Amino acid sequence: MSELVPEPRPKPAVPMKPVSINSNLLGYIGIDTIIEQMRKKTMKTGFDFNIMVVGQSGLGKSTLVNTLFKSQVSRKASSWNREEKIPKTVEIKAIGHVIEEGGVKMKLTVIDTPGFGDQINNENCWEPIEKYINEQYEKFLKEEVNIARKKRIPDTRVHCCLYFISPTGHSLRPLDLEFMKHLSKVVNIIPVIAKADTMTLEEKSEFKQRQESMPFAVVGSDKEYQVNGKRVLGRKTPWGIIEVENLNHCEFALLRDFVIRTHLQDLKEVTHNIHYETYRAKRLNDNGGLPPVSVDTEESHDSNP
Amino acid sequence: MEEVEPAHVLRNFKYVAFTMNEELRNLSLSGHVGFDSLPDQLVNKSTSQGFCFNILCVGETGIGKSTLMDTLFNTKFESDPATHNEPGVRLKARSYELQESNVRLKLTIVDTVGFGDQINKDDSYKPIVEYIDAQFEAYLQEELKIKRSLFNYHDTRIHACLYFIAPTGHSLKSLDLVTMKKLDSKVNIIPIIAKADTIAKNELHKFKSKIMSELVSNGVQIYQFPTDEETVAEINATMSVHLPFAVVGSTEEVKVGNKMAKARQYPWGVVQVENENHCDFVKLREMLIRVNMEDLREQTHTRHYELYRRCKLEEMGFKDTDPDSKPFSLQETYEAKRNEFLGELQKKEEEMRQMFVMRVKEKEAELKEAEKELHEKFDLLKRTHQEEKKKVEDKKKELEEEVNNFQKKKAAAQLLQSQAQQSGAQQTKKDKDKKNASFT
């Protein structure tokens, strides 16, 4: 009869407390090449990144995502037919892209949520979003729990959620608060003040002071203009050109640097180590256990290269 | 704006396309986005945490395992040379923290003490296999926990196994073949010829071919240096040809030319460790550390560990699908097992309780017996005491009677005496008178 906890095997001598040796003094070994080795491997396998945008329609979500990734990642709402109705409920649309830069391949997925906050009665409109996020965790968990696992489990979990706040100049609206309250437990939320060019500097700083967090006040654009002899992304208005990447004009550059250049890996790790683990722990503690899942048995045998 | 080359068409894309929409599109970027710093971000994270690397050295006593480790890592690791008297094979693990520029490495070296010393070597491989499995088990346990912390788990799984082949010049020993066969599905084996300075060059070449062909014909799977990535494919391919590496280890330095070099000095010359004409030490260091350390770690995790995990879970009764090809869930089986286990526990507890109660009863009975005996003894003593007392009293009475009699007799005697005295005195007087009278 096999038991869950195997009887303790007689372990050999416990390794003693690690002795610290600074090998710089003794000649080059080559341990630091592991960094290069790791870098090569990760570049070869590529990265996944899944970003979700949530906000009422017309706040400039698609434009901002396009600006962030300097490509036509999202189709803008204005390209919809005028005859298309506003969705009755919140829909979840995930579109995957592959982008490459400097030898690094990234599979970027943008998850759009048309219909959020657009109805007259917006009660529980965050629920489809929460459900979607949990479904991705569930998918990952099922893969992880298989006996014959895939070599690389496809990661569809939402790493980052950009929440667009309407630039009303007042404080956060109840819908915003409710959303962030419910979803901050399951996903990394980055609040963003949309269309920040409609707020003056004073209004902006006042708005920010009222929150504890620091929403990024952003402006998005994918059009280029000439400013002082340089071509920059910006928005043209009768009273001037708003430069997207100019920190005096808006905080887009900060957002971009934060999300992409410095904290992208961190966002993924927090999603994996904290949000996913929380979900998993909760799930495994439930009495019901996982419902039967339809696993394609043929797909699960590629763990041996 | 920077010029960005257009996105490549991807050939080996492993991902499953998304549920909702059309297939993945390749996009071209119109400016520098900045995610090419991703590898750096990833690497920075790992650097701050430090890396683990665990090497297992399998080989006979005295073959040069400790010396080679010292030479590889440019240090004198503390260790006493083992004797040949070990009753069995045991594994000794030692951990060290090495630092080079900003990389911290937690190195663990596991040694097989007593390997090859016994008369009966049938079971020599067992402690090694058990040790490797124990490390996998520890990781699996952590992974199965509900509340787990894998990201700062200290990984003790063996990433590389250096198998030391004795430099006989002939072929592999049967112990070597048996051991390597048992280990090849559990760990990355890199075979090396130890003390290679005892073999002449021409013999060495023959020896290497013999070893490799024996490994192949016996189906031993040694570690393959990866050739799928362009930058390392070439060097790995050229190095593979020289397997098994013939190494010499030394921590002593000898003056060669105008430099000090690690070497072994013989009356007939100096064998330099880092001279590629003399031995393959540099190749080993290159392959083990400078080129493939990360791949060794990855293979351990994605291949050997997964195999162990799969076997272990299947052995424990988990399945992905049951005979009716209705998928089981790990969780349900887990629950069932847990309940079974708890049931066992409860049963055991009951048994122990019963035994305890029985023992108590027995002890109680024993004590009661003892008590009864004591009481009886006490009664006996009491009776004896009473009897003694009576006897003594009887004797006392006798004595008193005797004393009384004596007193009476004494009194009577005294009376008589006094009477006699009186009559005697009278008699004497009479006699005296008579006498006196006779004289007159």
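No experiment lies behind these values; they were computed from the predicted model shown.

Visitor: Describe the overall build of chain A, and please don't skip the residues or the numbers.
Guide: A count of helices and strands for chain A gives seven helices and 10 strands. Expressed as a percentage of the 305 residues in chain A, the buried residues total 52%. Contacts in chain A between residues at least 24 apart in sequence constitute 67% of all its contacts with a sequence separation of at least 6. Taken as a whole, chain A presents about 15100 Å² of accessible surface, with 53% of it coming from carbon and sulfur.

Visitor: Which residues make up the overall build of chain B, and what values do they have?
Guide: A count of helices and strands for chain B gives nine helices and 10 strands. Each of the 440 residues in chain B was classed as buried or not, and the buried ones make up 41%. When contacts within chain B are restricted to residue pairs at least 6 apart in sequence, those whose partners lie at least 24 apart make up 67%. As displayed, chain B has an accessible area near 26600 Å², and 52% of this comes from carbon and sulfur atoms.

Visitor: Which residues make up the packing of aromatic side chains, and what are the values?
Guide: For any pair of aromatic rings, geometry is given as the distance between the ring centres together with the angle between the planes. Within the structure shown, the criterion is met by 12 aromatic pairs over all chains. Measuring from ring centre to ring centre gives 5.4 Å for Phe136 of chain B and Tyr308 of chain B, while their planes differ by 35 degrees; the resulting arrangement is tilted. Separated by 172 residues along the polypeptide, Phe136 of chain B in helix α3 (residues 125-144) and Tyr308 of chain B in helix α8 (residues 293-315) bring together distant segments of the chain. The residues Phe136 of chain B and Tyr308 of chain B share a single accessibility class, namely buried. When the ring of Phe225 of chain B is compared with that of Phe245 of chain B, the centres are 6.3 Å apart and the planes differ by 25 degrees; the resulting orientation is stacked. Of this pair, Phe225 of chain B sits in the loop between α5 (201-217) and α6 (230-240) while Phe245 of chain B sits in strand β7 (residues 245-246); the two residues are 20 residues apart in sequence, bridging distant segments of the chain. Note on Phe245 of chain B: relative accessible area 0%, which makes it buried. Taking the ring centre of Phe140 of chain A as reference, the NZ or CZ of Arg157 of chain A above it sits at 3.7 Å. When the ring centre of Tyr139 of chain B is taken as origin, the NZ or CZ atom of Arg157 of chain B, which lies over that ring, is 3.7 Å away.

Visitor: I'd love a proper account of the packing of helix α2 (residues 61-68) of chain A against helix α6 (residues 252-262) of chain A, names of residues and values included.
Guide: Residues and elements named next belong to chain A. With their axes 11 Å apart at the nearest point, α2 and α6 run at an angle of 65 degrees to one another. Put simply, α2 runs roughly perpendicular to α6. Regarding α2 and α6, the two cross each other, and that crossing is right-handed. In this structure, α2 uses Leu64, Thr67 and Leu68 to contact α6, whose residues at the interface are Phe252, Leu255, Arg256 and Ile260. For the contact of α2 with α6, the class distribution of residues is five nonpolar, one polar and one charged.

Visitor: Could you give an account of the sheet that holds strand β10 (residues 269-272) of chain B, with specific residues and numbers?
Guide: All names here are of chain B. Strand order in the open sheet formed by three strands is β8-β9-β10, with antiparallel pairing between adjacent strands. Taken across any chain shown, the strands that pair with only one partner, and hence form the sheet edges, are β8 (253-256) and β10. Taking the axes of each pair of neighbouring strands and ignoring which way they run, one obtains an average angle of 65 degrees across the sheet. Where β8 and strand β9 (residues 259-266) come together, four bridges link them in antiparallel fashion.

Visitor: Help me get a handle on the confidence of the model for chain A, residues and values and all.
Guide: Residues and elements named next belong to chain A. Within chain A, residue pLDDT values average 71, and 61% of them lie at 70 or more. When pLDDT is averaged over each element of chain A, strand β2 (residues 47-54) comes out on top at 88 and strand β1 (residues 19-22) at the bottom at 58. Between residues 77-84, whose pLDDT stays under 50, and residues either more than four places distant or in other chains, the model counts one contact. Residue range residues 287-305 is modelled with pLDDT below 50. Its contacts to residues more than four positions away, or to other chains, number 29 contacts.

Visitor: Provide a residue-level description of a nonpolar patch on the surface, including the pertinent values.
Guide: Residues Phe356, Val357 and Val360 of chain B make up a contiguous nonpolar surface patch of about 270 Å² in total accessible area. Looking at Phe356 of chain B, the relative accessible area reads 57%, which means it is exposed.

Visitor: Help me get a handle on the nonpolar core, residues and values and all.
Guide: Membership of the largest hydrophobic core comes to 90 residues, with the highest contact counts inside it found for Phe73, Leu162 and Leu288 of chain B. Looking at this core element by element, the count peaks at nine residues for α3 of chain B. Setting aside anything within four residues of it in sequence, one finds Leu288 of chain B in contact with Phe53, Ile55, Leu72, Ala160, Leu162, Ile190, Met293 and Leu296 of chain B. Judged by nonpolar contacts, the second largest core, of 31 residues, contains Val54, Phe179, Leu183 and Val187 of chain A.

Visitor: Please provide a residue-by-residue account of the pattern of salt bridges, values included.
Guide: As enumerated under the stated definition, the model contains 32 salt bridges over all chains in all. For Arg39 of chain A, the salt bridge goes to Asp40 of chain B, with nearest N and O atoms at 2.6 Å. Of this pair, Arg39 of chain A sits in helix α1 (residues 33-45) while Asp40 of chain B sits in helix α1 (residues 38-49), each in a different chain. The exposure class of Asp40 of chain B is partly exposed, given its relative accessible area of 33%. Each of Arg149 of chain A together with Glu143, Glu306 and Arg309 of chain B takes part in salt bridges that share partners, so that together they form one network.

Visitor: Residue-level account of the pairing of strand β3 (residues 90-100) of chain B, with values.
Guide: Pairing of β3 of chain B with strand β4 (residues 103-113) of chain B, which is carried by 11 bridges, proceeds in the antiparallel orientation. Looking at β4 of chain B, one finds that Arg94 of chain B is bridged to Ile109 of chain B.

Visitor: For unusual backbone geometry, give the residues involved together with the corresponding values.
Guide: Both trends apply: most residues other than glycine have a negative phi, and most peptide bonds are in trans. With an omega dihedral of -15 degrees, the bond running from Leu243 of chain B to Pro244 of chain B counts as a cis peptide bond. Residue placement: Pro244 of chain B occurs in the loop between α6 and β7.

Visitor: Could you give me a rundown of the environment of Pro244 of chain B, with the residues and numbers involved?
Guide: Overall, the relative accessible area of 0% leaves Pro244 of chain B in the buried class. Taking the C-alpha atoms as reference, Pro244 of chain B lies 9.8 Å from Ala194 of chain B; in sequence the two are 50 residues apart.

Visitor: Got a sec to walk through helix α7 (residues 264-285) of chain A? Specific residues and values, please.
Guide: With 22 residues, α7 of chain A should cover 32 Å at 1.5 Å per step; its first-to-last C-alpha distance of 31 Å lies within 8% of that length. The principal kink in α7 of chain A, of about 30 degrees, is found at Tyr276 of chain A.

Visitor: For the side chain of Arg297 of chain B, give the residues involved together with the corresponding values.
Guide: Inspection of the secondary structure puts Arg297 of chain B in helix α8. In this structure the side chain of Arg297 of chain B is engaged in a polar contact, spanning 3.2 Å, whose partner is the side chain of Glu294 of chain B. Beyond its immediate stretch of four places on either side in the chain, Arg297 of chain B contacts Ile34 of chain A together with Phe51, Cys52, Phe53 and His159 of chain B.

Visitor: Please provide a residue-by-residue account of the confidence of the model for chain B, values included.
Guide: Residues and elements named next belong to chain B. Per-chain confidence: chain B averages 82 in pLDDT, with 88% of residues scoring 70 or above. Low pLDDT, under 50, characterises residues 1-22; the predicted model gives this stretch 34 contacts beyond four residues in sequence or across chains. Counting interchain partners and residues more than four positions distant, the pLDDT-below-50 stretch residues 322-328 has 11 contacts. Scoring the predicted complex yields pTM 0.69 and, for the interface, ipTM 0.72.

The rules behind the values
Throughout this document, residue positions are counted from 1 along each chain, in the order its sequence is written. Labels follow written order: the first chain is A, the first ligand is 1, and so on. Residue-level local features of this predicted model are given only where pLDDT is at least 70; pairs of side-chain atoms are given and counted only at 80 or more, and the full residue set underlies all totals for whole chains, interfaces and linings. Neither water nor hydrogens contribute to the side-chain values; these are computed over all heavy atoms in the structure. Only DSSP runs of H or I covering at least 4 residues are called helices, and only runs of E covering at least 2 are called strands; the numbering of each starts at the N terminus. Partly exposed residues are those whose accessible area sits between 20% and 50% of the maximum for their type, while under 20% is buried and over 50% is exposed, using a 1.4 Å probe and protein chains only. Note on definitions: a residue-residue contact is assigned when non-hydrogen atoms from the two residues lie within 4.5 Å. Here, Shrake-Rupley sampling with a 1.4 Å probe gives the accessible areas, and only protein chains in the shown set may cover a residue. Note on aromatic pairs: the rings of Phe, Tyr and Trp (six-membered ring only in Trp) are paired at centre separations within 6.5 Å, and the planes decide the class, stacked below 30 degrees, edge-to-face beyond 60, tilted for the rest. Any Lys NZ or Arg CZ found within 6 Å of a ring centre and within 35 degrees of that ring's normal is scored as a charge over the ring. Note on definitions: angles span 0 to 180 degrees between N-to-C directions of axes, and those axes are lines fitted to C-alpha atoms, for helices only across the stretch in contact. Any angle between 65 and 115 degrees counts as roughly perpendicular, while under 35 counts as roughly parallel, over 145 as roughly antiparallel, and the rest as oblique. For any pair of crossing helices, the crossing counts as left-handed if the nearer helix is rotated counterclockwise from the farther one by less than a right angle, and right-handed if it is rotated clockwise. Each residue gets one label: Ala, Val, Leu, Ile, Met, Phe, Trp, Tyr, Cys and Pro are nonpolar, Asp, Glu, Lys and Arg are charged, and the others, such as Gly, are polar. Two strands pair under a simple rule: DSSP has to find at least two bridges between them. Each residue carries a pLDDT score, the predictor's confidence in it, ranging from 0 to 100. Patch membership needs two things, relative accessible area over 30% and no salt bridge, and members are linked within 9 Å if like-charged or within 5 Å if nonpolar (Val, Leu, Ile, Met, Phe, Trp, Tyr). Within this document, salt bridges are pairs made up of a side-chain nitrogen of Lys or Arg and a carboxyl oxygen of Asp or Glu, the two lying within 4 Å of each other. Take the buried Ala, Val, Leu, Ile, Met, Phe, Trp, Tyr and Cys residues and link them wherever side-chain atoms come within 4.5 Å; each set so joined is a nonpolar core. Residue count minus one, scaled by 1.5 Å, sets the expected span of a helix. At every residue, the bend is computed as the angle between two fitted axes, covering the seven residues ending there and the seven beginning there respectively. Contacts described as polar in this section are N or O atom pairs within 3.5 Å, which, within protein, must combine one atom able to donate a hydrogen with one able to accept it, while residues neighboring in sequence count only if both atoms come from side chains.

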